[in-house]
Amino acid sequence: MAQRAITINVNGTEHPVQIDTLDRLIDVLRDQLNLKSVKEGCSTGDCGICAVLVDGKLVNSCLMLAAQCDGRRVTTLEGLLEDPIMKRMQGIFITNNAAQCGFCTPAMLMASWDLARHSPEPSSEEIKVAISGILCRCTGYYQIIDSIREGCGRGKR
Amino acid sequence: MSTLELYSPTDLSDALRFLEHGGGNVTVMASGTDLLPRMRRKQVSPATVVDISSFTEDLRYIRQSDGTIHVGALTTITDLLESPMFYGKLSIIREAGMLFGAPQVRNVATVGGNICSATSSEDLIPVFMALDANVKLVRAGGERTVPLKNFIVGKRETALEPHEMLAEVSLSPPGGHGWAAYEKLGRRNMLIVAIVNEALSLTLEDDLRTIRSARVALNRVSGRIPGLAVKTNDFLSGKKVTDQTITQARRVLASELSLTSDFRGSGAYRTEVAQVYLGRLMERCARQIGGPS
């Protein structure tokens, strides 16, 4: 019995999926639901590139079994593309060249969006903490931090 | 296709019933942030995993009664940080929580999982040991409470019996003239496994100079096993807080640690950092209590 049927609400749509017991959330999101904004980096929770929201909380989708998400609500970047805070944040990232290779950008945007919702005027320290779980190997952190500050600020107006 | 059997209990009693009858090679999983990568690397190969994240209500709480704080095993690190309980004499828990992993790990990683993983990378173990915490272990039809220091019996080895699981940690703030503090060294500030992770709970007599009790705990006392620095704690008891006492205590600490080297740091380096932290923690605690440092 290494298979099971679960239903995950992803980006507002109920998805009944058949999974292997060892499948992680990232496996289902990428391979079954074709949501490629969710990247796989280290697979051990060290890089944070696979960050998504589960029931509104930022989590690493490589550190969660898909089975643990049965009946829960998952949000990926694809589900926020029309969200006003995300649209603004994304635009500012583009204007400020906050993406170099772009591999960490979806996760950075998810963490930024999560921060912007709770904190309209975050300090630099708060921004650094918010993205502390996501590694940018291009190390263009300052453009990212400045963009988040700008994105959060306008998000409140 | 994996052959892993995954059981998702509906509540605590369902989980305990399953553990009672589940057979051998069963592992309890909370969030899975530690277990999952280890299963994928084949460092562990349980036949059955009981996923207790399937229910949280029974074991996700922070309650206070008679000065003791009870933390349910499925309480997340974010829950600790958002709780009003961990300020003042228990701000050590917030200190450790803020250096634990990163936000998206803290959002799911649990207090019980951190303790049951029972190795040197688990940040909360030294903190809870310094606070002389107890853990409540439950099984179908019974429970027992044991001191955390007796619960960790080796690297990734605990006193849990096959049918038991950890349900709660209970702890009290340092009494009287007391304070507790925490230091963690990693190669960067966040999202890092500690090279040295050290906690101290210090209580002084009414003269604010004499040590009534000192409990130092580290992520490693020997090999990769977290524990109390028993000899150092014995040495400090009854001494005055002076530079000389701290210098002597640092020597005792070095003599009782038996630390190994790995890619994170050498045994000698770890020992030196542990000594520096001992001095720093003594000073921080003594200053907070209001005595001479």
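All figures in this text were calculated on a predicted structure; none of them were measured in a lab.

So, how was this worked out
- Residues numbered from 1 in each chain as written.
- Chains lettered and ligands numbered in written order.
- Predicted model: local features only at pLDDT ≥ 70, side-chain atom pairs only at ≥ 80, totals over all residues.
- Helix = DSSP H or I, 4+ residues; strand = E, 2+ residues; numbered from the N terminus.
- Rg over C-alpha atoms; globule rule 2.2 N^0.38 Å.
- Buried ≥ 20, exposed ≤ 12 C-beta atoms within 10 Å, placed from the backbone.
- Contact = placed C-beta atoms within 7 Å.
- Core = buried A, V, L, I, M, F, W, Y, C linked by C-beta atoms within 7 Å.
- Expected span 1.5 Å × (residues − 1).
- Arc of directions from axis to C-beta.
- Pairing = 2+ DSSP bridges.
- Axes fitted to C-alpha atoms, helices over the stretch in contact; angles between N-to-C directions.
- Parallel < 35°, antiparallel > 145°, perpendicular 65-115°, else oblique.
- Left-handed = near helix turned anticlockwise from the far one by under 90°.
- Nonpolar A, V, L, I, M, F, W, Y, C, P; charged D, E, K, R; others polar.
- Domains from an automatic or database assignment.

### Here's the deal with the overall build of chain B
At step 1: A tally of helices and strands in chain B yields 11 helices and 14 strands.
At step 2: Rg of the C-alpha trace for chain B: 19 Å, near the compact-globule value of 19 Å for 293 residues, within the 12% margin.
At step 3: In terms of overall dimensions, chain B has C-alpha extents of about 60 × 45 × 30 Å along its principal axes.
At step 4: The burial tally for chain B puts 49% of its 293 residues in the buried class.
At step 5: Here the contacts in chain B between residues at least 6 apart in sequence split such that 61% fall between residues at least 24 apart.

### A closer look at the nonpolar core
Within soluble globular proteins, side chains that are nonpolar tend to cluster in buried spots.
At step 1: Membership of the largest hydrophobic core comes to 147 residues, with the highest contact counts inside it found for A:Met110, A:Ala111, A:Ile134, B:Val127, B:Phe128 and B:Leu200.
At step 2: A:Ala111 has contacts with A:Ala51, A:Leu58, A:Ala130, A:Ile131 and A:Ile134, leaving out every residue within four places of it along the chain.

### Quick notes on helix α2 (residues 84-95) of chain A
Residues and elements named next belong to chain A.
At step 1: Between its terminal C-alpha atoms α2 stretches 17 Å, which fits the 16 Å expected from 12 residues at 1.5 Å a residue.
At step 2: Within α2 the residues assigned to the buried category are Met86, Met89, Gln90, Ile92 and Phe93. Looking down the long axis of α2, one finds its buried residues gathered within 165 degrees of arc, a one-sided arrangement. In α2, the exposed residues that point more than 90 degrees away from the buried face are Pro84, Ile94 and Thr95.
At step 3: Note on α2: the residue one or two positions beyond its end, Asn97, has a positive phi of about 55 degrees.

### Quick word on the pairing of strand β12 (residues 196-204) of chain B
All names here are of chain B.
At step 1: The element β12 is largely enclosed, with a buried count of eight among its nine residues.
At step 2: In the sheet, strand β11 (residues 177-185) pairs with β12 via nine bridges, with the strands oriented antiparallel. Within β12, the position partnered with Tyr182 by the bridge is Ala199.
At step 3: Relative to strand β13 (residues 211-222), β12 runs antiparallel, the two being bridged by seven bridges.

### Focus on the packing of α2(A) against helix α3 (residues 105-118) of chain A
Residues and elements named next belong to chain A.
At step 1: Viewed as axis vectors pointing N to C, α2 and α3 meet at an angle of 130 degrees, and their least axial separation amounts to 10 Å. With respect to each other, α2 and α3 are oriented oblique. Here α2 runs over α3; the crossing is right-handed. Residues Ile85, Met86, Met89, Gln90 and Phe93 of α2 touch α3, and the partners they reach there are Thr105, Leu109, Ser112, Trp113, Ala116 and Arg117.
At step 2: The residue inventory of the contact of α2 with α3, partitioned by class, reads seven nonpolar, three polar and one charged.

### Examining the interface of chain A and chain B
At step 1: Between chain A and chain B, the contact holds 24 residues from the first and 22 residues from the second.
At step 2: Elements represented by at least two residues in the side of chain A that touches chain B include exactly β4 (57-60) and α4 (124-130) of chain A.
At step 3: With four residues, the single largest contributor to the side of chain A that touches chain B is β4(A).
At step 4: Of the residues contributing to the side of chain A that touches chain B, the split by class is 12 nonpolar, nine polar and three charged.

### Overview of the pairing of strand β4 (residues 62-65) of chain B
Residue and element names in this part refer to chain B.
At step 1: Bridge analysis of β4 against strand β5 (residues 68-72) gives four bridges, and the strand direction is antiparallel. Within β5, the residue paired with Gln64 across the bridge is Ile69.
At step 2: Between β4 and β5, which pair antiparallel and follow one another directly, the connecting turn spans two residues, one of which, Asp66, has a positive phi of 50 degrees.

### Side note on the domain arrangement of chain B
At step 1: Domain annotation of chain B identifies domain 1 (5-54), domain 2 (57-171) and domain 3 (177-289).
At step 2: The distance between the C-alpha centroids of domain 1 of chain B and domain 3 of chain B comes to 35 Å.

### What about the sheet that holds strand β1 (residues 5-7) of chain B?
In a beta sheet, neighbouring strands pair by backbone hydrogen bonds and run either parallel or antiparallel.
Residue and element names in this part refer to chain B.
At step 1: Read from one edge of the open sheet, three strands run β1-β3-β2, paired in parallel fashion. Unpaired on one side and paired on the other, β1 and β2 (26-29) mark the two borders of the sheet. Taken pair by pair, the neighbouring strands of this sheet meet at an average axis angle of 25 degrees, ignoring direction.

### Notes on the domain arrangement of chain A
Residue and element names in this part refer to chain A.
At step 1: Taken domain by domain, chain A holds domain 1 (3-79) and domain 2 (81-156).
At step 2: Between domain 1 and domain 2, the residue contacts involve 12 residues of the former and 12 residues of the latter.
At step 3: Among the elements that make up the side of domain 1 that touches domain 2, the one with the highest residue count is strand β3 (residues 51-54) (three residues).
At step 4: When its residues are assigned to classes, the side of domain 1 that touches domain 2 shows eight nonpolar, two polar and two charged.

### Some thoughts on the sheet that holds strand β6 (residues 134-139) of chain B
All names here are of chain B.
At step 1: Taken together, the five strands give an open sheet; going across it, the order is β4-β5-β10-β6-β7, and neighbouring strands pair in antiparallel fashion. Looking at which strands have only one partner, the edges of the open sheet turn out to be β4 and β7 (142-147). Shown here is a sheet whose adjacent strand axes are inclined to one another by a mean of 25 degrees, direction ignored.

### Considering unusual backbone geometry
At step 1: For A:Asn34, which is not a glycine, the phi torsion comes out positive at approximately 60 degrees.
At step 2: Mapped onto the fold, A:Asn34 is located in the loop between α1 (25-32) and β3.
At step 3: For B:Arg156, which is not a glycine, the phi torsion comes out positive at approximately 55 degrees.
At step 4: Note on placement: B:Arg156 falls in the loop between β8 (152-154) and β9 (157-158).

### Considering the environment of B:Arg156
At step 1: For B:Arg156, a count of 18 C-beta atoms within 10 Å corresponds to the partly exposed category.
At step 2: When neighbours within four sequence positions are excluded, B:Arg156 is seen to be in contact with B:Ser117, B:Ala118 and B:Thr119.

### Details of the environment of B:Val127
Residue and element names in this part refer to chain B.
At step 1: Checked against the element boundaries, Val127 lands in helix α7 (residues 124-130).
At step 2: Residue Val127 is classed as buried on the basis of its 29 C-beta neighbours within 10 Å.
At step 3: For the pair formed by Val127 and Tyr182, sequence separation is 55 residues and the distance between their alpha carbons is 7.1 Å.
At step 4: Setting aside its immediate chain neighbours within four residues, Val127 contacts Ile92, Ile93, Ala96, Tyr182 and Ala199.

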